[in-house]
Amino acid sequence: MQQSKNSILEAGAKFLSDPKILGRLPQEIQNGIASGKKEFALAEFYTRKKLTGLAGIVDFIKDADVLKAGVTNLDRGRLPIDVYMALVSVQVNYAYHASSTEVTAAVYANSDVNAVIPIRIKNSEIRIKNGNRPLLEVRTQKFISNNVLSGSYAATANEENSLVLPQPKLLLPKSLLKVEFEFADDAVAVPANNHFMEVVFM
């Protein structure tokens, strides 16, 4: 399930270079790619939030969200006006803090906090859409490496701990990204920490 940053870039570039996909891009961009004036670059778009509840359905990205360094680089849940993206992988990370409610006060690294990730989060489901087009619907557990679960996890592995899509998805400028978590309504106790999640699109 893991993929290096270089392979993510290569997969995205290969996907956007496909004639069928390339034909969906504006002519000036096609010409720029052909002439070498425009290049493919690795980009990450992310949102971090405090989970205010671990029951039912939680809308993670909302139209009211605005750009804020360390919190999100998606303006109202949308890609920038001039960005065409080959979405190759998605990363979901957990963080917690005993007292602070600020999303920038926590460290988002599944490798460091696996032992304290609440069972209700591990057993939740995550759904990701591009507008109304479904992109991904899996258990949140999918984003936690088997190496983490077995207790041996390299310090640098979290960076690559992404769920790679079977086929990259073309996202157009100002594409709306929607993310929601659905939690089981059960009696499992939830630790009394402030819980945060980070979703990264690459």
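Further up the page is the structure itself.
Residues numbered from 1 in each chain as written. Predicted model: local features only at pLDDT ≥ 70, side-chain atom pairs only at ≥ 80, totals over all residues. Heavy atoms only, no water.

## Looking at the packing of aromatic side chains
Scanning the model with the defined rule gives 3 aromatic pairs in all. Measuring from ring centre to ring centre gives 6.4 Å for Tyr94 and Tyr96, while their planes differ by 15°; the resulting arrangement is stacked. On the basis of relative accessible area, Tyr96 is assigned to the partly exposed category, the value being 32%. (Phe/Tyr/Trp six-rings, centres within 6.5 Å; stacked < 30°, edge-to-face > 60°. Buried < 20%, exposed > 50% of the residue type's maximum accessible area, 1.4 Å probe, protein only.)

## Things to note about the sheet that holds strand 4 (residues 125-130)
Pairing within the open sheet is antiparallel, and its 4 strands lie in the order 2-7-4-5. The open sheet terminates on both sides in strands that have one partner only, identified here as strand 2 (56-59) and strand 5 (133-139). Ignoring which end each strand starts from, the neighbouring axes of this sheet average 20° apart. Where strand 4 lies against strand 5, 6 bridges are found, and the strand directions are antiparallel. Bridged to Ile126 within strand 5 is Val138. (Pairing = 2+ DSSP bridges. Helix = DSSP H or I, 4+ residues; strand = E, 2+ residues; numbered from the N terminus. Axes fitted to C-alpha atoms, helices over the stretch in contact; angles between N-to-C directions.)

## What about a positive patch on the surface?
A surface patch of like charges, here positive, comprises Arg78, Lys129, Lys174 and Lys178. Counting through the fold element by element, Lys174 comes out in the loop between strand 6 (163-171) and strand 7 (177-183). Judged by relative accessible area, Lys174 falls into the partly exposed class, the value being 46%. (Patch = residues over 30% accessible without salt bridge, like charges linked within 9 Å, V, L, I, M, F, W, Y side chains within 5 Å. Areas by Shrake-Rupley, 256 points an atom, 1.4 Å probe, with all protein chains shown as cover. Salt bridge = Lys/Arg side-chain N within 4 Å of Asp/Glu carboxyl O. Lys, Arg positive; Asp, Glu negative; His and termini not counted. Charge placed at Lys NZ, Arg CZ, Asp CG, Glu CD.)

## Some remarks on the pairing of strand 3 (residues 85-97)
A large share of strand 3 lies buried, amounting to 11 of its 13 residues. Looking at chain direction, strand 3 and strand 6 are connected through 5 bridges and run antiparallel. If you follow Val90 over to strand 6, its bridge partner there is Leu163. Both strand 3 and strand 8 (residues 194-201) contribute to a ladder of 8 bridges, which runs antiparallel. Residue pairing for strand 8: Val92 is matched across the bridge by Val199.

## Digging into unusual backbone geometry
A negative phi angle is the norm for most residues apart from glycine, just as the trans form is the norm for most peptide bonds. Phi at Arg76 takes a positive value of approximately 55°, unusual for a residue other than glycine. Look at Lys174: it is not a glycine, yet its phi comes out positive at around 65°.

## Thoughts on the environment of Asp75
Topologically, Asp75 is positioned in the loop between strand 2 and strand 3. Residue Asp75 is classed as partly exposed on the basis of its relative accessible area of 36%. Sequence separation between Asp75 and Leu176 is 101 residues; the distance between their C-alpha atoms is 9.5 Å. If near-sequence neighbours (up to four positions away) are discounted, Asp75 is found in contact with Asp65, Val66 and Leu67. (Contact = heavy atoms within 4.5 Å.)

## Quick notes on the sheet that holds strand 8
Judged by pairing direction, the sheet is antiparallel, and its 4 strands sit side by side in the order 1-8-3-6 without closing on themselves. Two strands lie at the open edges of the sheet, namely strand 1 (45-50) and strand 6, each paired on one side alone. Adjacent strand axes in the sheet meet at a mean angle of 25°, parallel and antiparallel pairs treated alike.

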